[in-house]
Amino acid sequence: MSQNILVINSGSSSIKFSLFDMTSETEQASGLAERLGGDDASLTLKYSGQKTTLDLAQSDYRSTLSVIIDKLTEIGLLETLPMAIGHRVVHGGEYFSDPVVVSTDVMDKIRKVIPLAPLHNPANLAGMEAIAELYPDIPQVAVFDTAFHQTLPAKAFLYGVPYELYEELAVRRYGFHGISHQYVASEAARRLNLGDQHGIITAHLGNGCSAAAVVNGHSVDTTMGLTPLEGLVMGTRSGDVDPNLHQFLHAQKGWDIDQITNLLNKESGMLGLTGLSNDMRTIEQAANEGNERAQLALDVFCFRLARQIGALAASLPQLDALVFTGGIGENSRTVRAMVIDNLKVFGLSLNGELNADNGDEHGVISGENGPKVIVVNTKEELMIAKEALALV
Ligand code: ADP
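Residues numbered from 1 in each chain as written. Predicted model: local features only at pLDDT ≥ 70, side-chain atom pairs only at ≥ 80, totals over all residues. Heavy atoms only, no water.

Considerations on the overall build of the protein chain
Argument step 1. In terms of regular secondary structure, the protein chain is built from 15 helices and 13 strands.
Argument step 2. Computed over its C-alpha atoms, the radius of gyration of the protein chain comes to 21 Å, within 12% of the 21 Å expected for a compact globule of 392 residues.
Argument step 3. Expressed as lengths along the three principal axes of its C-alpha atoms, the size of the protein chain is roughly 55 × 55 × 45 Å.
Argument step 4. When burial is assessed residue by residue, the protein chain has 51% of its 392 residues classed as buried.
Argument step 5. For the protein chain, long-range pairs separated by at least 24 residues make up 61% of all intrachain contacts whose partners lie at least 6 apart in sequence. (Helix = DSSP H or I, 4+ residues; strand = E, 2+ residues; numbered from the N terminus. Rg over C-alpha atoms; globule rule 2.2 N^0.38 Å. Buried < 20%, exposed > 50% of the residue type's maximum accessible area, 1.4 Å probe, protein only. Contact = heavy atoms within 4.5 Å.)

Structure (structure tokens):
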């Protein structure tokens, strides 16, 4: 029987996908269908070192997913239909602390938490419904970005607002990037031989950024909250601001709640601070060339991250390791060095040469003494495929 698993991440106007051969756990193809629903929708497919792009005449979820599967079959990567489809689902609310096989009951629960992820969960559901219609025999598995953080204690997930808001509307901190935090924490514990009893802080730094405190394999605190806006400064998201900023901007500028929400999610963070880009490579280059705003934004990004790492340490019995992952965490020696420079109080230090090489054979970049600092490349898609395989 085929051991192919297709992993899908459906967004409001895009579908990202990866095809895995689970006998060898290798990614055979990946791609992105974008601008779905528009006149210029397209599908880009990468496989065996090749990249092809085609226009999508019909670009609803159903037609697009059927083209993806047809294409993978046409190029010989799928002899039969995939044995399972793994969906990355952004928000599982308090319903899901583990991956699950998709059923009508599961879809109803994902629907119930739409108010918590109004852009993402409807897209995830649309992807599942399209597959169920097209290929009713392929089992589907939902893997949630929030699930790993369901072990947060109430003291870490409650906001200081009236408790009734939690009871009535489930207003609380959920956390995201859970698939990545779980994987890199377990991988760091394994590579560093930390055993069962350990305290780790993981920093996932991509376009979105979050950090988590992990004790003995369980998430106990994290920087993102009700939505992914809370916490660290990110590519275009502000991270933490004074909650009264909304009122202030409304009074001073006359902006309504949607404008301010858009500003904080799409026009802030590194893009807002630099006025240049949300891309860390561009920002680092500009800073190296003497752009002061770019340098200032880097300072803010790294200081805020260090400050949050300090806060996460309050949940740990001891700090054994700090893990960097995501496009920035895995590649930016500058960011890692600046963050660690702000964390001397924890005895953290770097080995400059190892940091410049993105780590030794295990990814370790720390100096002689103190907690370990390690770079672990995240593998979110493969983790989703593994979870799907385990459940079917
Ligand atoms: P996403 O969150 O969309 O999955 P990634 O995890 O790929 O994104 O991270 C994208 C970020 O990683 C971008 O800001 C990019 O500039 C940054 N990045 C990638 N490579 C490097 C590098 N060599 N140096 C600094 N930043 C990098």
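So, the pairing of strand 6 (residues 84-89)
Argument step 1. Of all 6 residues making up strand 6, 6 are buried, and the element is well covered by its neighbours.
Argument step 2. Burial along strand 6 is two-sided: the residues Ala84, Gly86 and Arg88 and Ile85, His87 and Val89 are all buried.
Argument step 3. Strand direction decides the pairing type here: strand 1 (residues 4-10) and strand 6, joined by 4 bridges, are parallel. Within strand 6, the position partnered with Ile8 by the bridge is His87.
Argument step 4. In this sheet, strand 8 (residues 140-144) lies alongside strand 6 in parallel orientation, the contact comprising 5 bridges. Bridge pairing in strand 8 links His87 to Ala142. (Pairing = 2+ DSSP bridges.)

Concerning the sheet that holds strand 3 (residues 26-34)
Argument step 1. Read across the open sheet, the 8 strands follow the order 5-4-3-2-1-6-8-7; overall the sheet is mixed. Pairing within the sheet leaves two strands with one partner each, and these edge strands are strand 5 (50-55) and strand 7 (100-101).
Argument step 2. On the sheet, helix 1 (residues 61-74) packs against strand 1, strand 2 (15-21), strand 3, strand 4 (42-47), strand 5 and strand 6 and is oriented at approximately 30 degrees with respect to strand 2. (Axes fitted to C-alpha atoms, helices over the stretch in contact; angles between N-to-C directions.)

Here's the deal with the layout of surface pockets
Argument step 1. Taken as a whole, the second largest pocket holds about 270 Å³ of empty space.
Argument step 2. Along the wall of the second largest pocket there are 18 residues; nearest its centre are Ser97, Asp98, Phe148, Gln182 and Glu387.
Argument step 3. Looking at the lining of the second largest pocket, the elements with two or more residues in it are strand 8, helix 6 (178-191), strand 11 (218-222) and helix 15 (380-391).
Argument step 4. Here the lining of the second largest pocket gets 4 residues from one element, more than from any other, and that element is helix 6. (1 Å grid on protein atoms, 1.4 Å probe; cavity = no way out; pocket = protein on both sides within 12 Å on 5 of 7 lines; lining within 4 Å. Points joined across faces, edges and corners; volume = space filled by probe spheres on them.)

Observations regarding the nonpolar core
Argument step 1. Counting 43 residues, the largest nonpolar core has Leu205, Phe301, Phe324, Val335 and Val339 as its most contacted members.
Argument step 2. For this core, the secondary structure elements donating two or more residues are strand 9 (199-205), strand 10 (209-215), helix 10 (280-288), helix 11 (292-312), strand 12 (321-325), helix 13 (333-341) and strand 13 (372-375).
Argument step 3. Per element, the largest residue contribution to this core is 9 residues, and it comes from helix 11.
Argument step 4. Ignoring any residue separated from it by four or fewer positions in sequence, one finds Phe301 in contact with Leu205, Cys209, Val233, Met270, Met280, Ile328 and Val335. (Core = buried A, V, L, I, M, F, W, Y, C linked by side-chain atoms within 4.5 Å.)

Examining the sheet that holds strand 12
Argument step 1. Pairing within the open sheet is mixed, and its 5 strands lie in the order 11-10-9-12-13. Both outer strands of the open sheet, strand 11 and strand 13, are each paired with one neighbouring strand and no more. Mean inter-strand twist for the sheet, computed between neighbouring axes without regard to direction, equals 25 degrees.
Argument step 2. Relative to strand 10, strand 9 runs antiparallel, the two sharing 7 bridges. Residue pairing across strands places His204 opposite Ser210, the latter belonging to strand 10.

Some thoughts on the packing of aromatic side chains
Aromatic ring pairs are described here by two measures, namely the spacing of the ring centres and the angle between the planes.
Argument step 1. Evaluation of the coordinates by the stated rule reveals 4 aromatic pairs.
Argument step 2. When the centroid spacing of 6.2 Å and the interplanar angle of 55 degrees are considered together, the rings of Tyr95 and Phe96 count as tilted.
Argument step 3. Taking the relative accessible area as the measure of exposure, Tyr95 reaches 40% and is therefore partly exposed.
Argument step 4. The class of Phe96 is buried, set by a relative accessible area of 6%. (Phe/Tyr/Trp six-rings, centres within 6.5 Å; stacked < 30°, edge-to-face > 60°.)

Regarding the site of the ligand
Argument step 1. Lining the immediate environment of the ligand, one finds 13 residues, of which Asn207, Asp279, Met280, Arg281 and Gly327 sit closest.
Argument step 2. One nitrogen or oxygen atom from the main chain of Met280 is found 3.0 Å from an oxygen atom belonging to the ligand.
Argument step 3. In the complex, 70% of the free accessible area of the ligand, which totals 580 Å², lies under the protein chains.
Argument step 4. Going through the elements one at a time, helix 10 and helix 12 (326-331) are the ones with two or more residues in the shell around the ligand.
Argument step 5. Here the shell around the ligand takes 4 residues from helix 12, the largest share from any one element.
Argument step 6. Here the residues of the shell around the ligand sort into 2 nonpolar, 8 polar and 3 charged. (Near = heavy atom within 4 Å. Polar contact = N/O pair within 3.5 Å; in protein donor to acceptor, adjacent residues only side chain to side chain. Areas by Shrake-Rupley, 256 points an atom, 1.4 Å probe, with all protein chains shown as cover. Nonpolar A, V, L, I, M, F, W, Y, C, P; charged D, E, K, R; others polar.)

What about the UniProt feature "binding site: substrate" (unreviewed entry) in the protein chain?
Argument step 1. Listed under "binding site: substrate" (unreviewed entry) in the UniProt record, and renumbered for this structure, are Arg88.
Argument step 2. Within the element layout of this structure, Arg88 appears in strand 6.
Argument step 3. Of note is the side chain of Arg88, whose polar atom sits 3.2 Å from the side chain of Asp145. (UniProt positions renumbered as here; feature names shortened; annotations may be inferred.)

Details of the side chain of Arg173
Argument step 1. The topology assignment puts Arg173 in the loop between helix 5 (163-169) and helix 6.
Argument step 2. The class for Arg173 is buried, based on a relative accessible area of 8%.
Argument step 3. Within the local environment of Arg173, its side chain forms a polar contact with the backbone oxygen of Met224, the two atoms lying 3.2 Å apart.
Argument step 4. A distance of 2.9 Å separates polar atoms of two side chains, one belonging to Arg173 and the other to Glu230.

Remarks on the pattern of salt bridges
Where charged atoms of side chains with opposite charge meet at close range, the side chains can pair.
Argument step 1. Counting across every chain of the model gives 16 salt bridges.
Argument step 2. Between Arg173 and Asp221 there is a salt bridge whose closest N-O contact spans 3.2 Å. In this pair, Arg173 is assigned in the loop between helix 5 and helix 6 and Asp221 in strand 11, connecting sequence segments 48 residues apart. For the pair Arg173 and Asp221, a shared accessibility class is recorded, and that class is buried.
Argument step 3. Because the salt bridges share partners, they merge into one network encompassing Arg88, Asp145 and Glu380. (Salt bridge = Lys/Arg side-chain N within 4 Å of Asp/Glu carboxyl O.)

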